[in-house]
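Listed below are the residues making up each chain.
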2 protein chains.
Amino acid sequence: MTPARESGRVHIHEVVTRDGFQMERVFVPTEHKIELIDQLSSTGVAKIEVTSFTSPKAIPSLADAEAVMRGIRREPGVVYAALVPNVRGCERALACEVDEINLVMSASESHNQANLRMSRAQSIAQFAPIVQTARGSRAVINASLSTAFGCPFEGALPETTILEMVEQFAALGIPRVTLCDTVGMANPQQVERLCREVSSRWPDLEVTAHFHNTRGMGLANVLAALQAGIIRFDASLGGLGGCPYAPGASGNICTEDLVHMLGEMGYATGVDLSALIEAARALPELVGHAVPGYVLKAGPSSRVHPLPEHSK
Amino acid sequence: MTPARESGRVHIHEVVTRDGFQMERVFVPTEHKIELIDQLSSTGVAKIEVTSFTSPKAIPSLADAEAVMRGIRREPGVVYAALVPNVRGCERALACEVDEINLVMSASESHNQANLRMSRAQSIAQFAPIVQTARGSRAVINASLSTAFGCPFEGALPETTILEMVEQFAALGIPRVTLCDTVGMANPQQVERLCREVSSRWPDLEVTAHFHNTRGMGLANVLAALQAGIIRFDASLGGLGGCPYAPGASGNICTEDLVHMLGEMGYATGVDLSALIEAARALPELVGHAVPGYVLKAGPSSRVHPLPEHSK
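As the structure is a prediction and not an experimental result, all values here were calculated from the model.

Basis of the calculations
- Residues numbered from 1 in each chain as written.
- Chains lettered and ligands numbered in written order.
- Predicted model: local features only at pLDDT ≥ 70, side-chain atom pairs only at ≥ 80, totals over all residues.
- Helix = DSSP H or I, 4+ residues; strand = E, 2+ residues; numbered from the N terminus.
- Rg over C-alpha atoms; globule rule 2.2 N^0.38 Å.
- Buried ≥ 20, exposed ≤ 12 C-beta atoms within 10 Å, placed from the backbone.
- Contact = placed C-beta atoms within 7 Å.
- Core = buried A, V, L, I, M, F, W, Y, C linked by C-beta atoms within 7 Å.
- Axes fitted to C-alpha atoms, helices over the stretch in contact; angles between N-to-C directions.
- Left-handed = near helix turned anticlockwise from the far one by under 90°.
- Nonpolar A, V, L, I, M, F, W, Y, C, P; charged D, E, K, R; others polar.
- Least-squares fit on C-alpha atoms with pLDDT ≥ 70 in both.
- Pairing = 2+ DSSP bridges.
- Right-handed = clockwise from strand over helix to strand, strands pointing away.

**As for the overall build of chain A**
Counting its regular elements, chain A contains 14 helices and 8 strands. Relative to a compact globule of 312 residues, whose C-alpha radius of gyration would be 20 Å, chain A shows 19 Å and is just as compact. Dimensions along the principal axes, computed over C-alpha positions, put chain A at roughly 70 × 40 × 40 Å. Split into buried and exposed, the 312 residues of chain A put 58% on the buried side. Long-range contacts, defined here as pairs at least 24 residues apart, represent 73% of the contacts in chain A between residues at least 6 apart.

Have a look at this one:
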C-alpha cells in the first residue's frame, strides 16, 4: 500500500506528558509523570516528548521540567525530546541532556501572536541562537510548525506559506521538521499533497506528521500521510491534548488507536500495544477525566467476545 | 486521488432512524422520527434507511414501522429503504411502498446465530422468497452482509467466505450489496483489498460500505474504500448505533463527520453540511444522551475563531 509497509518501521512519537499534560488543569505530580514516562519507554515508542523548558508561569503544569527530565530512566534507542521556547530554555534542556530540542512556531501570523506573543519573524530570529547554542551538544533540533494545515483565526493557508517556513528551517540547518495540524483542520487530500511536496523538496529532512482528531479525521490523515511516504507520527496516549483556541475540540490523535491501526494494517511500529493500553489505563485517574481514545474502551480488533447465552 | 473525485457524486446513506435508534433504550416518539426523517430528506442525502419491518417484540424501538413509513414526506430523488427480515416483513414494507428492501445476514455463522437465531444457510434460504415477493414492485433489493470485515465471536474471516456470500447474493439476482463492518474491526488495508476484489468481480453490483468507528478507524476506512472505487457509504447522524455484542464500543461512522471530510477533500456529496449539523443537534434530546460525532462539537474546519483578547 505504501513505501513504509514494505521497507521498515513507522516511528511513533509519544507526546502525552508535554502536549497532553500542558492542556490539563491539574498538576500531575512529578513522580507520576516519571512513572508514566518510564512505562512508555518500555513500550517501544521511538521518541518521547518529555516536557517543556518554558517559564513555569507560562505553563504551570510543566513547571517540573528539570526534575522530570533528570528523574526518568533512559531506554537505549528511545529519543527523549523537550520543547524549548528560547536560549534560556535551551540551556536548561541541554543541562538535562535531552536528545532532541523541539522548537515551535506557527505558520500563520495570528496564531503565532496568540500562542507565542511574537511575530513569525521574531520566532525565526529566536531560532538561530538556539540552534547555535545546541551545536556540539548531543541534542538534535526539530522544528514544529503549528497551523501547517490551517489556522483557527485565518482559516486555510496557502501551501507556499508552509513551504517558505520549511525553507527557513532548512536554511538554519534544522534536520527535523514536524508539520502540525494544531486544531484538527487537515483533510486527507491536503495532507497527502503537502507531505509529498515537503518530502520531495527536502528528501533529507526527517518529517514528522502531528495530527489532531478534532473533526474525526485523525487516523484518515495518518493514512494519507503514510501514502505520501511519511513514517513518523506524533500521538498522545489516550488522545489527550487539544488547543485552547478551539474550544470543545478533541485532542491529539490517540497513540494506542494509531498503533492499533498500523498493526492491523501490517506496519511494524516496534510498539507493544498491550503495554501501551496498560499505560493508558492510568490516565483518567491522573488527569481527573475520561480520555477520548477508542481502543482503550473497545479493545483491539483481535479481541474475541463470548457468545451470548442464547447462541451457546 | 480516486475515481469518484473526478467523476461524480459520493452517495450518503443515512441510517440513524433504523440502525441508530434500534440500539437506543428509549422509544423515540413516532412524530419525532417522522420530523427527523423529513429534515434529513431536505439535506441532500441519497438514501435513508427509515425503519425495520421486523417483529415489534424483537425491536420495540422500531415498533412503529408502518406509521413512520407512511408518515414521512417523500423527497424526489431520495431512496427510502427499510430493513426486512422475512416474507411477512417484506409484504408490510411493500404495502408502505418502500423504495428499497434491505436484507441482512452475517458472513460468520456464530454472529448470524447470535443476531438472527438461524444458520447462514437458513438466512440465504429465506432471501429467495423475499426476492420473489418483491419482484414487480417498486422496491429494489439490497443485501447487507454483517461481519464482512471480522466477527466479534470468530475474529477475522477468510476473504473467500465474503466472496462466496456475495456470489450467493448475485446468484439470487440481488443488485445491491452492503459490506458491513458491524463491530468496527476493519482496517484500511483490508478495506481497500476487499472492496477492490468485490468491485472487480461484480462490476455491475452497487456496493455500499458500512463502517463503524469502534476503534477510531471509521473515516480512515472510508478513505481506503474511496481509493478502491466505492462511492456509497452508510452513516448515522451523530454517530449513533453500535452492536450489542461489542460492549463499550462506539457506533456507526457519523454522517456529519463523513460529509464534512468528503467536502473538505473536494468530493461532491450533494449534502448540505449545515442542514445536517442542524438535524444532528436534536439528537441528544431525542435519545437522552450525548452523541459521539465530532463536527457537531468542533464545528467544520472552515469555522474561524475570534482572536484571544491579548492578540487583538
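That shown, we press on.
**Quick word on the nonpolar core**
Judged by nonpolar contacts, the single largest core of 201 residues is most densely connected at Ala82 and Leu258 of chain A together with Ala82 and Leu258 of chain B. Excluding residues within four positions of it along the chain, Ala82 of chain A makes contact with Glu49, Val50, Thr51, Ser52, Phe53, Ala65, Met69, Ala93, Val98, Ile101 and Asn102 of chain A.

**Overview of the environment of Arg281 of chain B**
If you trace the backbone, Arg281 of chain B turns up in the loop between helix 12 (273–280) and helix 13 (283–287). Once the C-alpha coordinates of Arg281 of chain B and Lys297 of chain B are considered, the two residues, 16 residues apart in sequence, prove to be 9.7 Å apart.

**Here we look at the interface of chain A and chain B**
On the side of chain B, 45 residues touch chain A, which itself brings 45 residues to the contact. Contributing elements (two or more residues each) for the side of chain A that touches chain B: helix 6 (109–116), helix 9 (188–201), helix 10 (218–227), helix 11 (255–265) and helix 14 (295–298) of chain A. Looking at the side of chain A that touches chain B, the element that brings in the most residues is helix 11 of chain A, giving 5 residues.

**A look at the packing of helix 8 (residues 159–171) of chain A against helix 9 of chain A**
Packed helices, taken two at a time, are described by the angle their axes make and the gap between the axes. Residues and elements named next belong to chain A. Packing of helix 8 against helix 9 brings their axes to within 11 Å, and their N-to-C directions diverge by 35 degrees. Both helix 8 and helix 9 take part in a crossing whose hand is right-handed. Touching Glu159, Ile162, Leu163 and Val166 of helix 8 are Leu194, Glu197, Val198 and Arg201, all from helix 9. Residue composition of the contact of helix 8 with helix 9, grouped by class: 5 nonpolar, no polar and 3 charged.

**Things to note about the relation of the copies chain A and chain B**
Note on the copies: chain A fits chain B at an RMSD of 0.0 Å, the axial shift is 0.0 Å, and the rotation between them is 180 degrees. In symmetry terms, the pair is related by a two-fold rotation axis. For chain A, the residue whose C-alpha comes nearest the rotation axis is Ala220 of chain A, separated from it by 1.9 Å.

**Considering the pairing of strand 7 (residues 206–210) of chain B**
All names here are of chain B. In terms of burial, strand 7 is largely enclosed, as 4 of its 5 residues are buried. In this structure, strand 6 (residues 176–180) lies alongside strand 7, joined through 5 bridges in parallel fashion. When the bridges of strand 7 are listed, Leu179 appears paired with Ala209. Regarding topology, helix 9 (residues 188–201) serves as the crossover connection from strand 6 to the parallel strand 7, and that connection is right-handed. Where strand 7 and strand 8 (residues 232–235) come together, 2 bridges link them in parallel fashion. When the sheet's bridge partners are listed, Ala209 is paired in strand 8 with Phe233. Remark: the strand 7/helix 10 (residues 218–227)/strand 8 crossover connection has right-handed handedness.

**Side note on unusual backbone geometry**
Of all residues except glycine, most have a negative phi; of all peptide bonds, most are trans. If you check the backbone angles, Thr147 of chain A has positive phi at about 50 degrees while not being a glycine. Relative to the assigned elements, Thr147 of chain A resides in the loop between strand 5 (140–146) and helix 8. Even without a glycine there, the phi angle at Glu97 of chain B is positive, about 55 degrees. Topologically, Glu97 of chain B is positioned in the loop between helix 5 (87–95) and strand 4 (100–106).

**Some thoughts on helix 10 of chain B**
A large share of helix 10 of chain B lies buried, amounting to 10 of its 10 residues. Within helix 10 of chain B, burial applies to Gly218, Leu219, Ala220, Asn221, Val222, Leu223, Ala224, Ala225, Leu226 and Gln227 of chain B.

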